[in-house]
Amino acid sequence: MATVKTKKTTKSKKASQIPVRYRVIGTRPIRHDGVDKVTGRAQYGADVQLAGLLHGGILRSPHAHARIRSIDTGKAAALPGVKAVITSADIGPVTDRVVDLGEGATRLQHLRDNILASGKALYQGHAVAAVAATSPHIAQEALRLIEVDYEVLPPVLDLREAMEAGAPLLHEDLHTDDLGTKSMQPSNIAKHLRFEKGDLEKGFKKADQIFEREFLTSMVHQGYIEPHNATAFWNADGRLAIWCSTQGGFTVRQQAAAILDLPVSSIKVIPMEIGGGFGGKIHVYLEPVAALLSKKSGKPVKLVMDRAEVFEATGPTSGSHIQVKIGARKDGRIVAAQAQLAYEAGAFPGSLVVCGMMCIFAPYDLEHQRIDGYDVLVTKPKTAPYRAPGATNAAFASETVLDEIAEWAGIDPLEIRRLNGAKEGTRRADGLVYPRIGFLETLGAARKHPHASAPLEGPNRGRGVASGFWFNVGLKSSVTAAVNSDGTVSLTEGTPDIGGTRTSVAMQLAEVLGLAAADVKPQVVDTDSVGYNDVTGGSRVTFATGLAAIEAARDIERQMAERAARLWGVPASKVKAAGGVYRHATDSKKKITFKELAARLDETGGPVVGKASLDTSASAGGGFGTHIVDVEVDPETGKVQILRYTAVQDVGKAIHPSYVEGQLQGGVAQGAGWALNEEYFYDDQGRLANASFLDYRMPTALDLPMIDTVLVEVPNPGHPFGVRGVGEVPIVPPPAALANAIYRAAGVRLRQLPMNPGRVLEAILTRDGKPPSKA
Amino acid sequence: MPTVFIPAQLQSFTGGARKVEVKGKTLREVIEALDAAFPGLRDRLVEGDRLRPGLAVAIDSVICSAGLRQAVRKDSEVHFIPAISGG
């Protein structure tokens, strides 16, 4: 790993009262949850055991698209050991409305229909009924006894066909919101959005060459190791407790409350340890079902998905069809850029096409742009976010066209990005103006990296580069922090720890208070035990919960200064705190450490608790990455071997560099899988043919080289330590970087993901206009 | 006066204008002024006393957290954008 530091801006210096020379920030302490995890003591959702626990199972539609004529649960309910059977009828009637889930809005009916189908099954794996029984085996036997009468309807699997007039409709009552106007006829296109800047036609007239290209990407899954799970107990007093694997206890609470028509205060969500999420554990699937089974049976009920259920019935991320048109001058300047992005929403509206629209040209300062986006329904699972949702598809398109332009103009791929690169003051297509950002710095660091100039030895090898952007978010976070008499601090958070945020947040609190990271004892608690928190997502926790921890630390520091003042019989204004030591402002003999003062809380007024609740949306600070990759392409098989990979990213300030490096490496690994192997493979009836890790080919350690990382530190002016979110950006450039590398290795431009051996080989064989061999 | 950037899906209200200038010292006042100039816009931006679900506002390129009470300067830029988070 290398780290490149840049000077703080004046603005960020003003924002910070904390010295730039840190004691804790930037170090690599042992993670607080490490021992529990490596010794198997950490408690995950599937580990939950309660007295009288029942085991649930879910009956899922074998059809991609079918009307449900009737469901007969009589035989299942009569099976000994079965304690409850439910269908969508058990959810109860509710008036449809738009529900605000804090980080987005959705129609309540769609939210409910996705957890238990009513009327129609809209994808293979769509939940139709559920049972709870005294053993998992009885539950599975009972599922086989449920009789469902389906009227099978034609599936809608191809995004472009779904958009055509006359395509089979998933929802007969869905009309396109076409730039604010509702379409007359129902359609599978839920929404058409547009961002526009400048005068596109005027821009294209200035072009020496216009490049128009078309791209396809497949639906892919986040591939987290831990399957979805939920245990629920609906108490006799009406209170509901839910233990689950989630990226946000509070969003589970909000969604469950909306679906079950309960006040949020009657639901307590206990987020267990989480074995990966990447955006896929924000929607609820099992939680309301387990709750209804518990309500009906009077017992706690646990539901755990198997891997096939995870693939078939939880949210993958959108496949897409993207058209890009870019006009360039001979000197490499981009004069106009247009894109049309159509993203699969799955069975219900709500793809994150808008994020793709926001990101597709975001690294560049372009005067004339128009970006159209379409949210399109297909008979596949409702899509969910996946690490920089929408941005990877978009960058695959824009960054490969840019590579083509660089070649046409005879300009180095890094140089053409610098030439057109966005910087502070650049206005994006969505209208917002960048504050201090570090895109150009990533290009500079990439150029200086030995990888950029290392010779490529051997045949069939090529090097590609690509860049990517993610805007990052702030949103709401709350923490409390209690000072213990031994000088440690118990830190209570409500954002589930997916990527090491217990430690990265604790380090920020420790830095302010002058403590060691190990002196802070972080824990993630249930929704009754801490103030409101938005989800762990959008690369926001180290930034936003970190800000809350800083505020809580300042609250503690202020109170501790008052305690020192009491000891010395002086006003609090006479006490100055720095580096964990409280000093009398004028009497140098009077000083006391944080730990010494903590031991004397009882004689100075009792416990000290700091707290903070913040809405930090204002200043999250976007992030940029530039990646370099070398590949070797086997011309006989089409297999692509990654030889070397370097990820350069503007990370703001790396709180715990090991975690940041891990985020970059993880993002690259997932991006490489998306690029080269992964795809949802459906047969013509809409049945998923590869719903296992054996057939859904994610990369393993054997597929990847060591991924080198370069942390460029351009501080975010919106955070005292300069933190930017880092988890999403690194998945954005890999498919484009790999496509560009494949081009240089094999002379073929791949415009469809995944670039698996079959596709690469076909491109090679047709490279000179020859059709592929039929042999 | 503050400049309001009109999203494409609302430009039918403004006769295709992508940005307009209206008076207002708070977001609420800006939206009321918008509605006075382009009747019907308020209902597309506000539900009850809050921004519509799924909608966010950026004042001078900074996402606001104060809702309709957000202060707006004379030379401010106001953008209405989708409320999104990430993965």
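Placed above this text is the structure.
First, a word on what this report is: a plain description of the structure on this page. (Residues numbered from 1 in each chain as written. Chains lettered and ligands numbered in written order. Predicted model: local features only at pLDDT ≥ 70, side-chain atom pairs only at ≥ 80, totals over all residues. Heavy atoms only, no water.)

Turning to helix α9 (residues 287-297) of chain A, a few remarks are in order. All names here are of chain A. With nine of eleven residues buried, α9 lies mostly within the body of the structure. Turning to α9, its buried residues are Glu287, Pro288, Val289, Ala290, Ala291, Leu292, Leu293, Ser294 and Ser297. Trailing α9 by a residue or two, Gly298 shows a phi angle of about 75°, which is positive. (Buried < 20%, exposed > 50% of the residue type's maximum accessible area, 1.4 Å probe, protein only. Helix = DSSP H or I, 4+ residues; strand = E, 2+ residues; numbered from the N terminus.)

Right, let's get into the interface of chain B and chain A. Across the boundary between the two partners, chain B contributes 22 residues, which contact 38 residues of chain A. For the chain B and chain A pair, buried surface summed over both sides reaches about 2,300 Å², with 58% attributable to carbon and sulfur atoms. Of all residues in chain B, Ile84, Ser85 and Gly87 of chain B give up the largest surface area on contact with chain A, accounting jointly for 28% of the area buried on that side. Note that Arg18 of chain B is salt-bridged to Glu196 of chain A, the shortest N-O span being 3.6 Å. Viewed at the interface, chain A and chain B are joined by five residue pairs in polar contact (both at pLDDT 80 or more). When residues of the side of chain B that touches chain A are traced back to their parent elements, those giving at least two are β6 (62-63) and β7 (77-82) of chain B. Considering every element that reaches the side of chain B that touches chain A, the biggest residue donor is β7 of chain B, with four residues. (Contact = heavy atoms within 4.5 Å. Buried area = accessible area lost by both parts, 1.4 Å probe. Salt bridge = Lys/Arg side-chain N within 4 Å of Asp/Glu carboxyl O. Polar contact = N/O pair within 3.5 Å; in protein donor to acceptor, adjacent residues only side chain to side chain.)

Residues and elements named next belong to chain A. Read from one edge to the other, the open sheet built from three strands follows the order β25-β26-β27, with strand pairing classed as antiparallel. Edge strands, defined here as strands with exactly one partner in the open sheet, are β25 (575-578) and β27 (591-593). Ignoring strand direction, the axes of neighbouring strands in this sheet form an average angle of 20°. Sheet topology places strand β26 (residues 581-584) next to β27; three bridges connect them, and they run antiparallel. Note that in β27 the partner of Arg583 across the bridge is Lys591. (Pairing = 2+ DSSP bridges. Axes fitted to C-alpha atoms, helices over the stretch in contact; angles between N-to-C directions.)

Turning our eyes to something else, we now look at the environment of Gln247 of chain A. Residues and elements named next belong to chain A. Here Gln247 lies in the loop between β15 (240-244) and α8 (249-260). Here Gln247 falls in the buried class, since its relative accessible area comes to 0%. On a C-alpha basis, the gap between Gln247 and Ala347 in space is 22 Å, while along the polypeptide they are 100 residues apart. A polar contact is formed between the side chain of Gln247 and the backbone nitrogen of Gly279, at a distance of 2.8 Å. Within the structure, Gln247 has its side chain in polar contact with the backbone nitrogen of Gly280 (distance 3.3 Å).

Turning our eyes to something else, we now look at helix α21 (residues 757-765) of chain A. Residues and elements named next belong to chain A. Along α21, the residues classified as buried are Val760, Ala763 and Ile764. In a view along the axis of α21, the buried residues occupy a sector of 100°, so they form one face of it. The inward-facing, buried residues of α21 abut β29 (623-633), β30 (640-650) and α20 (734-746). (Arc of directions from axis to C-beta.)

Attention now moves to the nonpolar core. Soluble globular proteins tend to bury their nonpolar side chains together. Leu341 and Met755 of chain A are the most contacted members of the largest nonpolar core, which totals 112 residues. Those residues in contact with Met755 of chain A, other than ones at most four positions away along the chain, are Phe396, Ala675, Leu676, Pro735, Leu738, Ala739, Ile742, Leu750 and Val760 of chain A. (Core = buried A, V, L, I, M, F, W, Y, C linked by side-chain atoms within 4.5 Å.)

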